Amino acid sequence: MESPGLRAETLALNGGLVIDPATHAIAPNISMSVNNVLTPGDGAFSADGVSDLTALPYLYARWTNPTVRQLEQRMAAIEATEEALATATGVAAIAGTFLTLLKKGDHLIVSDVCYAGANELARRILPDYGVEVTAVNMSRIEEVAAAFRPNTRLVHCESPCNPILRLTDIAAVADLARDKKALLSVDSTLATPVATRPASLGADLVIHSLTKFINGHGDALGGVICGNKAVVEKIRSRAGVYLGASLSAQNAWLILRGIDTLFPRIRTMSQSAGRLAEFLSTHPAVRTVTYPGLDSHPQHALAKHQMRVFGGMVTFQTAAPHQVAARLAKKLKVAHYAFSLGHQRSIVVFLDTDEMMRSTYRLEGEGLSDYRSFAGDGVFRVSVGLEAVEDLIEDFDQALRP
């Protein structure tokens, strides 16, 4: 944040980096201590009336921690925002945002297809607390515009959205939100700052599940909220203190290690994902492939405008998908049949449309038709890793064949 002019690739290594004053070690240290020595009067054990908890000395690890703070500064630097708040998980980041910025009588507009935890929290839990929620297809800007009410306080979208890789025109939605004096939060987990930096397109808050591509090694949970300092500090002083979803120093250190290689990892994954998508598009067992970098993606023009690389996620459809899923789980030798995504190893899982409707989205009519236009009866969601793409292609080829 204090290095104007440096490019994001450099900030992924140096943003927030503190050289140890005693040992001169370059790699970030892990500060595991829960408490810190303080002088009486340094700070009260309540966030009430404290506008900037990061301005206080380190007091207690649930508020701030030196290792976690380096991670926050690194993420703010590469997202080009003023501030960041790290949380225990990506869902904690979303929950902290919703439960801080929304109160009884407020209105939230949320993407009708986004990460299941966010979608279910918005549509099933928030109404219990008097928050009005409208779910819309964020790719239809006219629907977003029509959803605004006088009490709309927040718009939440995800681009590309999980699991169907549909895009949102972030700049267009940001213009609408600004005109209506609402805030826009964007879950950019699948894009990462390598592909898209939503704040540069007008988003007020950028949210990531750090568990996924940013950590990149499948060994640490984490989340982050990046944005305007006043808004992020409001979330810190409420959610960061009272919800208790603090990120551990150990996980912060692991995620910092992952960020060091974020740019080359995502670029390699994107290149491999593009080649795998092209191969699957010609495979006799595959009906449809969805990837923002393919000309066949219905929003390919937006992807070229909004994304510097097209990301490491690919989906495809087949006939008899449940049989194919069983075959992939048994026959894959390089990729792994498992949930989650964004790790160094390739992962694939089948997501049945009917099951997704029952468990999460509950779409009907045009909303369901829109979902099926991307997902059909279900999609195989592939998170492309760092294996040689030739090995990955050969692996899917042999596993897809009866």
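Conventions and cut-offs
- Residues numbered from 1 in each chain as written.
- Predicted model: local features only at pLDDT ≥ 70, side-chain atom pairs only at ≥ 80, totals over all residues.
- Heavy atoms only, no water.
- 1 Å grid on protein atoms, 1.4 Å probe; cavity = no way out; pocket = protein on both sides within 12 Å on 5 of 7 lines; lining within 4 Å.
- Points joined across faces, edges and corners; volume = space filled by probe spheres on them.
- Nonpolar A, V, L, I, M, F, W, Y, C, P; charged D, E, K, R; others polar.
- Pairing = 2+ DSSP bridges.
- Helix = DSSP H or I, 4+ residues; strand = E, 2+ residues; numbered from the N terminus.
- Axes fitted to C-alpha atoms, helices over the stretch in contact; angles between N-to-C directions.
- UniProt positions renumbered as here; feature names shortened; annotations may be inferred.
- Buried < 20%, exposed > 50% of the residue type's maximum accessible area, 1.4 Å probe, protein only.
- Contact = heavy atoms within 4.5 Å.

**Considering empty space enclosed by the protein**
Here is step 1 of the chain: A complete count under the given rule lists two cavities of 30 Å³ or more for this structure.
Here is step 2 of the chain: Empty space within the largest cavity amounts to approximately 40 Å³.
Here is step 3 of the chain: Forming the walls of the largest cavity are P160, L165, L190, P292, M307, F310, G311, G312 and M313.
Here is step 4 of the chain: Each residue belonging to the lining of the largest cavity can be placed in one class, and the counts come to seven nonpolar, two polar and no charged.
Here is step 5 of the chain: Put simply, the second largest cavity is a space of about 30 Å³.
Here is step 6 of the chain: S111, V113, M138, S139, E158, C161, R166, L167 and T168 together form the lining of the second largest cavity.

**Considering the sheet that holds strand β3 (residues 132–136)**
Here is step 1 of the chain: The seven strands lie next to each other as β1-β7-β6-β5-β4-β2-β3, forming an open sheet whose pairing is mixed. Whereas interior strands pair on both sides, the edge strands pair on one side only; in this sheet they are β1 (83–87) and β3. For this sheet the average axis-to-axis angle between neighbouring strands, irrespective of direction, equals 20°.
Here is step 2 of the chain: Of the strand pairs in this sheet, β1 and strand β7 (residues 223–227) are connected by five bridges, and their pairing is antiparallel. In the sheet register, A84 faces β7, and the bridge partner there is C226.

**Here we look at the UniProt feature "modified residue: N6-(pyridoxal phosphate)lysine" (unreviewed entry) in the chain**
Here is step 1 of the chain: Those places that UniProt annotates as "modified residue: N6-(pyridoxal phosphate)lysine" (unreviewed entry) correspond, in this numbering, to K212.
Here is step 2 of the chain: For K212, the location among the structural elements is in the loop between β6 (205–209) and β7.
Here is step 3 of the chain: The exposure class assigned to K212 is buried, which follows from its relative accessible area of 13%.
Here is step 4 of the chain: Contacts of K212, omitting those with residues within four sequence positions, involve T189, S340, L341 and G342.

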